[in-house]
Amino acid sequence: MRLTHPHRTGALLLGFMLSVGLTNAAYADSEGETARTSAAKPSHGGAIWGREYFPNVILTTHEGKKVRFFDDLIEGKVVVINFIYTSCPDACPLETARLAEVQGILGDRVGKDVFMYSITIDPDRDTPEVLAEYRERFQAEEGWTFLTGAEEDITLLRRKLGLYIDDIDQDAGDHNLNLMLGNQSSGRWQKSSPFENPYILASLIGQSLSSHSTARTTKNSYEDAPKLRNIGDGETLYRTRCKVCHAIGSSDEDALKPRVGPNLLGVTDRREHDWLVRWIREPDVMVKEQDSIAVGLFYAYNQVPMPNLRLSSQEIGQVLDYIGTESKRVTKHELLLTVLPKKNDDAEVESCCQKSEKVVLSATVADELLASECEKTGSSECGCDAAKARTFPKTLWSGLGAVLGGLALLLRRRAL
């Protein structure tokens with residue numbers, strides 16, 4: 001720190017006198033003086049949460065490269081750290097898919113001024129090769145590194161980061177689900193839920209932790225804030241559990257983003273209700289039992305497992321009700337977009353959080369509009385045929401799933 005004084009002459013004289021009187025002592029004890037000078041400096045967050053706090057253990061990346069935790073991974077960086085294991089049947093796939101969304105939002109900042117690290121808690125099984133394959137399944141990009149290491153070193157890191165709970169982590173299959181977000185330079189660290197909205201997580205990482213270094217491109221005001229609608233329990237569960245891997249229809253706001261699961265438009269019509277209920281309740285069991293549709297989906301979507309969300313029967317019913325209702329709304333909406341001329345090509349489409357009663361068309365209103373357009377045009381171009389084409393018999397989809405499942409099993413057995 002540079003000190004200034006208004007009376008520069010007096011300061012210089014004082015400095016000269018001190019230098020004459022203490023020259024011999026200063027040279028005789030230079031190391032001790034350096035230590036005292038360093039200790040006198042005010043500490044800051046980066047110093048507190050630095051090399052003396054974080055263990056500089058050696059880890060191995062998914063590429064087989066040896067790195068040190070403090071020196072190579074976190075020193076002077078904004079980081080996202082979580083702990084997973086690739087054989088996890090429930091939370092880890094969901095958590096990893098969520099971070100893939102966050103990486104997509106942050107874009108090319110990841111790997112430049114933001115770094116993401118997923119560290120396994122099962123190093124015996126999760127070799128660099130296994131982590132590399134797992135990373136590829138979830139379409140992770142540069143700047144997101146998967147790591148393994150000695151079990152005692154990983155446990156030490158979890159304790160230092162506050163992500164180890166004795167009552168929970170005694171069982172290898174159970175662990176703290178929080179993420180750790182941090183800026184080592186400023187010393188700011190905070191926990192966050194992996195089920196948080198990906199845009200909120202991206203904002204925390206890219207702006208708050210970065211000392212707001214990214215300039216805002218828009219100016220917001222409370223007067224312009226939209227009035228939010230009430231969201232039911234089924235939609236809440238879908239948004240926090242399902243949306244990270246799935247979309248509903250091509251007009252879904254995130255439908256064009258890479259997905260690790262199938263589009264759920266009309267799934268409540270395509271699949272038997274009892275099958276869907278069990279699939280949500282225990283997908284891991286159904287894959288182990290070699291259910292043809294379950295196995296087919298597993299191999300069709302890059303072997304990313306459907307996580308066991310541990311939902312109750314009531315919650316499963318709420319999710320399925322929402323998917324069915326939303327599928328009908330989206331189907332009508334997409335058909336109407338092909339039927340009715342756009343009144344204003346520049347008009348902004350309301351976001352999902354701004355849907356109102358006038359946007360969520362009832363089946364009766366939508367059918368009346370479609371029928372009216374059909375009468376006017378007198379042809380099938382109005383979308384009536386498209387509506388029929390969207391209604392597939394359940395037996396067709398079930399048969400297709402069985403074929404995919406059988407083919408997947410055959411290929412798997414031949415490979416073995």
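Just so you know, these numbers come straight off a predicted model, no measurement behind them. (Residues numbered from 1 in each chain as written. Predicted model: local features only at pLDDT ≥ 70, side-chain atom pairs only at ≥ 80, totals over all residues. Heavy atoms only, no water.)

Attention now moves to the pairing of strand S1 (residues 58-61). Two strands pair when backbone bridges link them, and S1 and strand S2 (residues 66-68) are joined in this way by three bridges, in the antiparallel orientation. When the sheet's bridge partners are listed, Leu59 is paired in S2 with Val67. As consecutive antiparallel partners, S1 and S2 are separated by four residues, and within that stretch Gly64 has a phi angle of approximately 85°, a positive value. Inspection of the sheet shows S1 paired to strand S5 (residues 144-149) by three bridges, in the antiparallel sense. Pairing of Thr61 across the sheet is with Leu147, part of S5. (Pairing = 2+ DSSP bridges. Helix = DSSP H or I, 4+ residues; strand = E, 2+ residues; numbered from the N terminus.)

So, about the pattern of salt bridges. Applying the stated criterion across every chain, the model contains 12 salt bridges. Between Arg137 and Glu133 there is a salt bridge, with the nearest N and O atoms lying 3.5 Å from each other. With Arg137 and Glu133 both in helix H6 (residues 128-137), this residue pair falls four residues apart, about one helical turn. Two residues, Arg239 and Glu235, come together in a salt bridge whose shortest N-O distance is 3.1 Å. With a gap of four residues between them, Arg239 and Glu235 both fall in helix H10 (residues 233-242), about one helical turn apart. Judged by relative accessible area, which is 6%, Glu235 ranks as buried. Through salt bridges with shared partners, a single network forms among Arg51, Asp71 and Glu75. (Salt bridge = Lys/Arg side-chain N within 4 Å of Asp/Glu carboxyl O. Buried < 20%, exposed > 50% of the residue type's maximum accessible area, 1.4 Å probe, protein only.)

Another point: the sheet that holds S1. Spatial ordering of the open sheet is given by S2-S1-S5-S4-S3-S6-S7, a layout of seven strands whose pairing is mixed. Both outer strands of the open sheet, S2 and strand S7 (188-192), are each paired with one neighbouring strand and no more. The mean angle between the axes of side-by-side strands here comes to 30°, regardless of whether they run parallel or antiparallel. Direction of pairing for strand S4 (residues 114-120) relative to S5: parallel, over a ladder of four bridges. Bridge pairing in S5 links Met116 to Trp144. Lying over the sheet, helix H9 (residues 198-208) contacts strand S3 (78-84), S4, strand S6 (179-183) and S7, oriented at roughly 20° with respect to S6. (Axes fitted to C-alpha atoms, helices over the stretch in contact; angles between N-to-C directions. Contact = heavy atoms within 4.5 Å.)

So, about the packing of aromatic side chains. A full pass over the atoms with the stated rule returns nine aromatic pairs. Ring centres of Phe54 and Trp189 lie 5.1 Å apart, and the angle between their planes is 50°; this geometry places the pair in the tilted category. Taken together, the residues span a long stretch of sequence, with Phe54 in the loop between helix H3 (45-48) and S1 and Trp189 in strand S7 at a distance of 135 residues. Taken as a pair, Phe54 and Trp189 share a single burial class, namely buried. One Lys or Arg, Lys160, reaches over the ring of Tyr53 and ends 4.4 Å from the middle of that ring. Against the face of Trp275 rests Arg271, its NZ or CZ located 5.7 Å from the ring centre. (Phe/Tyr/Trp six-rings, centres within 6.5 Å; stacked < 30°, edge-to-face > 60°. Lys NZ or Arg CZ within 6 Å of the ring centre and 35° of its normal.)

What follows covers the confidence of the model for the protein. Taken over all residues, the pLDDT of the protein has a mean of 74, while the share at 70 or more is 63%. Every residue in residues 1-43 scores below 50 in pLDDT, and together they form four contacts with partners more than four places removed in sequence or on other chains. Across residues 343-366, where pLDDT falls below 50, the model places 20 contacts with residues more than four positions away in sequence or in other chains. (pLDDT = per-residue confidence, 0-100.)

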